[in-house]
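# Observations on chain architecture
In case you want the letters, here they are:
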Amino acid sequence: MATVSVRSVLRSGGGGRPNKCMGRYRPSQAGFNPSFESHPVARGRVSASPSRFCPLMQVNIAVGAVRTMSLSRNEKGDMAVELFANDAHRCIAFPDMVRGDDGVQANQFLVMDGSESALIDPGGALLYTPLSLALSGYLKLRDLTYICASHQDPDVIGSVDRWLMYTPARVVCSRLWGRFIPHSVPHYQKNTSHDRYILIDDAGGLIALGRSHLRAVPAHFLHSVGNLQFYDPVSRILFSGDLGASVGVMEYKPVADFDAHVPKMLSFHRRYMASNRACRWWARRARQLDIAMIAPQHGIPMVGADVGRFIDWIEDLECGVDLLPVDEVVDLLPAEAAGFN
Ligand SMILES: [Fe+2]
Ligand SMILES: [Fe+2]
């Protein structure tokens, strides 16, 4: 898998207008919590009342290019949120496709420019059918151009075999995952070879999309070793993968009170993000982008001044290996004590 079909590969820390940071948030320092209870399973999904596919409400948010979020449902009650639209360009979020309580709540995103389109973090087999049906309100599957994967997790790209089978889309992912993601594809499935993959180097790159492009922004170790985010320069939305994820948030609309929102992000980031060093490495790059909205794969987006607040917060956060105690006395339980011979 050596194919790279990006218009150009950027030096890390590209151009653009830096964000103005609006104050710094310093979290309280708590001990290492190894439990997974903070996994962002949003039990309180937005309830879906059946209706025809029509606009139900609009949420006005005061941020430059991203003017309104308009929410629609199809006849099955699936929700779609239009994050941005102009004559040639649209960004749609699908925040409530996960059914049941077993799968983590996850957002999928569609970016369209002219006749080309990119589906970002489409999820696993759990989501393929409802998401493909929801997409049919916007495009024909045979016209989908890209599947963009922020990293390799099942909730991100577990259904890659179906997207390769039922669409002509090419998979955009980190070069580090180019030989692992194909393990989700049966060997007998046709038309799945390396020419269906666009492998992005560590420095990131530009992916042509209609008359515009998406920028693959490196966010390595946040949380995956080869981790990409996708920045849309038209809407100025950063699709941030797991970074910025929040837990237990109900209605899909922008964060209203950043300080009140921090506890919904804290435990997840402390456990899943690799280290403060990785956070600081990312923050320097994020400030090079002109970001109107950070749209994570789980939970709700952050807009306007909260973009800068989030960058400041994550830059200061101790997480992952920072929190591993290195001087504790280790006394592993003998197997015999647990009843094993
Ligand atoms: Fe993940
Ligand atoms: Fe995730």
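The model shown is predicted, which means the values in this text are computed figures rather than measured ones. (Residues numbered from 1 in each chain as written. Chains lettered and ligands numbered in written order. Predicted model: local features only at pLDDT ≥ 70, side-chain atom pairs only at ≥ 80, totals over all residues.)

## Section: the overall build of the protein
Looking only at helices and strands, the protein features 6 helices and 15 strands. Per-residue burial over the protein gives 45% buried out of 341 residues. Considering only residue pairs separated by 6 or more positions, the protein has 70% of its internal contacts joining residues 24 or more positions apart. (Helix = DSSP H or I, 4+ residues; strand = E, 2+ residues; numbered from the N terminus. Buried ≥ 20, exposed ≤ 12 C-beta atoms within 10 Å, placed from the backbone. Contact = placed C-beta atoms within 7 Å.)

## Concerning the environment of N276
Looking at the secondary structure, you find N276 in helix α5 (residues 276-286). On the neighbour-count criterion, N276 (18 C-beta atoms within 10 Å) is partly exposed. A C-alpha to C-alpha distance of 8.6 Å links N276 and V321, two positions 45 residues apart in sequence. Apart from residues no more than four positions distant in its own chain, N276 is found in contact with L317, E318, C319 and D322.

## Concerning the packing of α5 against helix α6 (residues 305-316)
Two elements in contact, α5 and α6, have axes separated by 8 Å at closest approach and are oriented at 155 degrees. In terms of their interaxial angle, α5 and α6 are classed as roughly antiparallel. Note that α5 runs across α6; the crossing there is left-handed. Where α5 abuts α6, its residues C279, R280, A283 and A286 lie against I311, I314 and E315. Looking at the contact of α5 with α6, its residues break down into 5 nonpolar, no polar and 2 charged. (Axes fitted to C-alpha atoms, helices over the stretch in contact; angles between N-to-C directions. Parallel < 35°, antiparallel > 145°, perpendicular 65-115°, else oblique. Left-handed = near helix turned anticlockwise from the far one by under 90°. Nonpolar A, V, L, I, M, F, W, Y, C, P; charged D, E, K, R; others polar.)

## Examining helix α4 (residues 258-272)
Helix length check: α4, at 15 residues, gives a terminal C-alpha distance of 20 Å against a target of 21 Å (1.5 Å per residue), a fit within 8%. Where α4 bends most, at M265, the angle is about 40 degrees. Taken residue by residue, α4 has F258, H261, M265, L266, F268, H269 and R270 as its buried positions. On its buried face, α4 is in contact with α6. (Expected span 1.5 Å × (residues − 1). Bend = angle between axes of the 7 residues up to and from the residue.)

## Here we look at the sheet that holds strand β15 (residues 302-303)
Here 6 strands make up an open sheet; going across it, the order is β10-β11-β12-β13-β14-β15 and the pairing mixed. Both outer strands of the open sheet, β10 (205-209) and β15, are each paired with one neighbouring strand and no more. With 2 bridges joining them, strand β14 (residues 293-295) and β15 adopt antiparallel strand pairing. Following the sheet pairing, M293 is matched in β15 by V303. (Pairing = 2+ DSSP bridges.)

## Notes on unusual backbone geometry
Omega for the peptide link from L222 to H223 comes to 0 degrees, which places this bond in the cis form. A positive phi angle is found at D121, which is not glycine, with a value near 50 degrees. Relative to the elements of secondary structure, D121 occurs in the loop between β6 (116-120) and α1 (125-135). Taking the number of C-beta atoms within 10 Å as the measure of exposure, D121 has 25 and is therefore buried. Its identity is not glycine, yet F221 carries a phi of approximately 70 degrees, on the positive side. Tracing the backbone shows F221 in the loop between β11 (212-218) and β12 (228-232).

## Remarks on the environment of L214
Examined against the element boundaries, L214 turns out to sit in strand β11. In the structure, L214 is positioned 96 residues away from A118 in sequence and 8.9 Å away in space, judged by C-alpha atoms. Apart from the residues lying within four places of it in its own chain, the contact partners of L214 are V111, A118, C148, I207, L209, F230, Y231 and D232.

## What to know about the pairing of strand β3 (residues 79-85)
Of all 7 residues in β3, 5 are buried; the element is thus mostly enclosed. Across 4 bridges, β3 lies against strand β4 (residues 89-94) in antiparallel orientation. The partner of F84 across the bridge, within β4, is C91. The antiparallel pairing of β3 with β4 creates a hairpin that spans 3 residues between the two strands.

## Thoughts on the pairing of strand β8 (residues 170-174)
Regular strands place their side chains on alternate faces of the sheet. Counting buried positions along β8 gives 4 out of 5 residues, so the element sits mostly inside the fold. Examined bridge by bridge, strand β7 (residues 146-148) and β8 share 3 bridges and lie parallel to one another. When the bridges of β8 are listed, C148 appears paired with V172. The pairing of β8 with strand β9 (residues 197-200) spans 4 bridges and is classified as parallel. Across the sheet, S174 pairs through a bridge with I200, a residue of β9.

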